[in-house]
Amino acid sequence: MTGIKFLSTGVGLPENVLTNADLEKMVETSDQWITERTGIKTRRIASDKQATSDFSIAAARQALSRAGIAPETVDAVVVATCTPDHLMPSVACLVQRALGLKNAFAFDLEAACSGFIFGLACVNGLMRSGAAKTVLLIGADTLSKFTDWTDRGTCVLFGDGAGAALLQASDRDDNLLAVHLGSDGSFTDILNIPGGGSRHPLQRSKNAPFTTGEVAGNFPPYIHMEGKEIFKNAVLRMAEAADSALKKCGKTSDDLRLLIPHQANLRIIDAVAKRMKLGDDKVFRNVQKYGNMSAATTVIALDEAVQGGVVKRGDLVELIAFGGGLTWGAAVLRW
Ligand SMILES: CC(C)(COP(=O)(O)OP(=O)(O)OC[C@H]1O[C@@H](n2cnc3c(N)ncnc32)[C@H](O)[C@@H]1OP(=O)(O)O)[C@@H](O)C(=O)NCCC(=O)NCCS
């Protein structure tokens, strides 16, 4: 095996659009505040009946159809998500069932918003070990279900969605030139979902069944975030990761056709671009439309850049991301 080929990408999004004007009616905020501090104008939000696997299945279906390969060809499904439908089974197994990927093994991995890039490193390992040849890698999250819709500091930031990439071990092509990953567990307190896991599970009363969404004491199952600390770390870590991955493959930011940063906030993206000395035409932005879709952002942005003709075969592209954990990562692609 020489390298990894990207066969196709695909996207799955909820239909519901939530605008800043809608949010003005829900919490004390304004279109002006949200736009100035984040750049976000709209985001897609799951309905009560939708969950992460629904968007994952739609994204995967599109990627499979664009690649024109039979479902039996896929031998692994990896879903990067921190908001699975259930604690068990994995979203990956739900995707496998829905699409009839009967020869695939399937599992989820969790690296919050950096999940897709961690997934690329994981797929690289699966292929080089001989465990899999054709892999469906999905980045998907439904953070709206873990958002406190009365907290204006967080509820304006996030959106839901999924992106998929179909990857294949190749003897001729190598689209994945380098990956750099990092984590710092000493910052677990500044971005997390405190309740709903095994540390602070949903409460159970003696003779009554659980109530979904019931709050566990002071540990609600909603996103907690210290925005300013996250902002500083995001800029620093993404810029460092971008540089490290480029160095690993002997490139510099001058060689890039496009930087695809995690889409959390326009000001974070602008600050990273400035550090990397990249002009506007070399940095992809779609956070205005979707908000922060966590593990889905970089792969959906890659899909839009490719479908829109911004990225062409042979272009050097770098994905960078940052998220809870803290986690961060960068991947250099030769498209
Ligand atoms: C969240 C974020 C936009 C807040 O911007 P900020 O400039 O740091 O603003 P602050 O949190 O200091 O809040 C400033 C004021 O705006 C208020 N405010 C917060 N959210 C608001 C909103 N949606 N509408 C109006 N006012 C708001 C605050 O209450 C505060 O008011 P005060 O000065 O009266 O106390 C910014 O910190 C950020 O983007 N951080 C990174 C978040 C992120 O990307 N997370 C995911 C990483 S993967």
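Residues numbered from 1 in each chain as written. Predicted model: local features only at pLDDT ≥ 70, side-chain atom pairs only at ≥ 80, totals over all residues.

**Quick notes on the site of the ligand**
Taken together, 21 residues lie around the ligand, and Thr 29, Arg 152, Gly 227, Phe 231 and Ala 264 are the ones closest in. Take the shell around the ligand: its biggest share by element is 5 residues, from helix α7 (residues 227-248). Its residues placed into classes, the shell around the ligand shows 11 nonpolar, 7 polar and 3 charged. A domain split of the shell around the ligand shows at least three residues from each of domain 1 (3-172) and domain 2 (177-186 + 223-334). (Near = placed C-beta within 6 Å. Helix = DSSP H or I, 4+ residues; strand = E, 2+ residues; numbered from the N terminus. Nonpolar A, V, L, I, M, F, W, Y, C, P; charged D, E, K, R; others polar. Domains from an automatic or database assignment.)

**Notes on the packing of helix α3 (residues 52-67) against helix α4 (residues 91-99)**
Each pair of packed helices can be described by the angle between their axes along with the distance between the axes. In contact at an axis separation of 9 Å, α3 and α4 are set at 50° when each is read in the N-to-C sense. By the angle between their directions, the pair α3 and α4 is classed as oblique. The two elements α3 and α4 meet at a crossing, and its hand is right-handed. Between α3 and α4, the contacting residues are Thr 52, Ser 53, Ser 56, Ile 57, Ala 60, Arg 61 and Leu 64 on the first element and Val 91, Leu 94, Val 95, Ala 98 and Leu 99 on the second. (Axes fitted to C-alpha atoms, helices over the stretch in contact; angles between N-to-C directions. Parallel < 35°, antiparallel > 145°, perpendicular 65-115°, else oblique. Left-handed = near helix turned anticlockwise from the far one by under 90°. Contact = placed C-beta atoms within 7 Å.)

**Some remarks on the environment of Lys 5**
Along the chain, Lys 5 turns up in strand β1 (residues 3-12). Measuring from C-alpha to C-alpha, the distance between Lys 5 and Thr 327 comes to 25 Å, with 322 residues separating the pair along the chain. Ignoring any residue separated from it by four or fewer positions in sequence, one finds Lys 5 in contact with Leu 167, Gln 168, Ser 170, Asp 173 and Asn 175.

**Some details on the domain arrangement of the protein chain**
Entries for the protein chain in the domain assignment read domain 1 (3-172) and domain 2 (177-186 + 223-334). Domain 1 and domain 2 are separated by 17 Å when their C-alpha centres are compared. Contact with domain 1, which involves 41 residues of that partner, is made by 38 residues of domain 2. Elements that contribute at least two residues to the side of domain 1 that touches domain 2 include exactly β1, β3 (42-44), α5 (115-128), β6 (134-142), α6 (152-155) and β7 (160-170).

**Focus on unusual backbone geometry**
The phi torsion of most residues other than glycine is negative, and most of the peptide bonds are trans. Cis geometry marks the peptide bond from Met 88 to Pro 89, where omega comes out at 0°. With respect to the secondary-structure elements, Pro 89 resides in the loop between β4 (76-80) and α4. In this structure, Ala 112 is a non-glycine residue whose phi angle is positive, near 50°. Checked against the element boundaries, Ala 112 lands in the loop between β5 (105-109) and α5. Exposure remark for Ala 112: the 25 C-beta atoms within 10 Å place this residue in the buried category. In this structure, Lys 277 takes a positive phi of about 55° despite not being glycine. The topology assignment puts Lys 277 in the loop between α8 (266-275) and α9 (287-290). (Buried ≥ 20, exposed ≤ 12 C-beta atoms within 10 Å, placed from the backbone.)

**Quick look at α3**
Taking 1.5 Å per residue as the helical rise, α3 with its 16 residues ought to reach 22 Å, and the 23 Å between its terminal C-alpha atoms agrees with that figure. Most of α3 is tucked away, with 12 of its 16 residues classed as buried. Along α3, the residues that are buried comprise Thr 52, Ser 53, Asp 54, Phe 55, Ser 56, Ile 57, Ala 58, Ala 59, Ala 60, Ala 63, Leu 64 and Ala 67. Buried-residue contacts for α3 involve β1, β4, α4, β6 and β7. Downstream of α3 by a residue or two, Gly 68 has a phi angle that is positive, lying close to 65°. (Expected span 1.5 Å × (residues − 1).)

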